[in-house]
Amino acid sequence: VEFVNHYFIKPPPPDGISTTWSSQNSAIGKLKGSFSIVGPSIVSLYHSDGGPAYFGTEHLIQLDAGRYEACGVLLLEGRRLSSWRGALSRVEAHK
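Everything in this summary refers to the structure shown in the same document. Given the structure is predicted, the values throughout are model-derived calculations rather than measurements.

About the thresholds
Residues numbered from 1 in each chain as written. Predicted model: local features only at pLDDT ≥ 70, side-chain atom pairs only at ≥ 80, totals over all residues. Heavy atoms only, no water. Helix = DSSP H or I, 4+ residues; strand = E, 2+ residues; numbered from the N terminus. Buried < 20%, exposed > 50% of the residue type's maximum accessible area, 1.4 Å probe, protein only. Pairing = 2+ DSSP bridges. Axes fitted to C-alpha atoms, helices over the stretch in contact; angles between N-to-C directions. Contact = heavy atoms within 4.5 Å. Core = buried A, V, L, I, M, F, W, Y, C linked by side-chain atoms within 4.5 Å.

1. Some words on the overall build of the chain
Item 1. Looking only at helices and strands, one finds zero helices and seven strands in the chain.
Item 2. Helices and strands appear in the chain in the N-to-C order β-β-β-β-β-β-β.
Item 3. Oriented by its inertia axes, the alpha-carbon framework of the chain measures out at about 40 × 35 × 30 Å.
Item 4. The burial tally for the chain puts 22% of its 95 residues in the buried class.

The structure is reproduced here in structure tokens:
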């Protein structure tokens, strides 16, 4: 199963510690959520915007300037539908 999200992220306020977002996912529909900065981590909580009762969370922890580790869970009406763990690395664009 592949999930592709198109995010629309509201610019954060001056304190920069939290903001809201919405997304469109071809498999599960519209989602609304928030991002919060907690130390070296970004925590996201989200829920469906209409339709079935999807909700979940994702946690990204910064390992260094170019790497994050991520994990998350997606629930449908209180039952775990999907979970993931992965690594994100910055890749320099070729000139």
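2. Details of the sheet that holds strand E6 (residues 67–76)
Each strand in a sheet pairs with its neighbour through backbone hydrogen bonds, running either in the same direction (parallel) or in the opposite one (antiparallel).
Item 1. Taken together, the seven strands give an open sheet; going across it, the order is E1-E2-E3-E4-E5-E6-E7, and neighbouring strands pair in antiparallel fashion. At either margin of the open sheet sits one strand with a lone partner, and together these are strand E1 (5–9) and strand E7 (79–89). Taken pair by pair, the neighbouring strands of this sheet meet at an average axis angle of 20°, ignoring direction.
Item 2. Here eight bridges tie strand E3 (residues 29–38) to strand E4 (residues 41–48), and the two strands are oriented antiparallel to one another.

3. Side note on the side chain of serine 23
Item 1. Inspection of the secondary structure assignment puts serine 23 in strand E2 (residues 18–25).
Item 2. The exposure class assigned to serine 23 is buried, which follows from its relative accessible area of 4%.
Item 3. Not counting chain neighbours up to four residues away, the residues in contact with serine 23 comprise Asn5, His6, Tyr7, Gly29, Lys30 and Leu31.

4. Details of the nonpolar core
Item 1. Ranked by size, the top nonpolar core spans seven residues in total: Trp21, Ile28, Leu31, Tyr46, Tyr54, Leu74 and Leu76.
Item 2. In this structure, tryptophan 21 is in contact with Tyr7, Phe8, Ile9, Leu31, Lys32, Gly33, Ser34, Phe35, Ser44, Leu45 and Tyr46, ignoring residues within four places of it in sequence.

5. Side note on the pairing of strand E5 (residues 54–64)
Item 1. Of the pairings in the sheet, the one linking E4 to E5 comprises seven bridges and is antiparallel in character. Its bridge partner lying in E5, serine 41 is registered against isoleucine 61.
Item 2. A loop of five residues connects E4 with E5, the two strands running antiparallel in sequence, and glycine 50 in this loop sits at a positive phi of about 95°.
Item 3. Bridging between E5 and E6 involves ten bridges; their strand directions are antiparallel. The residue of E6 that forms the bridge with histidine 59 is cysteine 71.
Item 4. Between the antiparallel neighbours E5 and E6 lie two residues.

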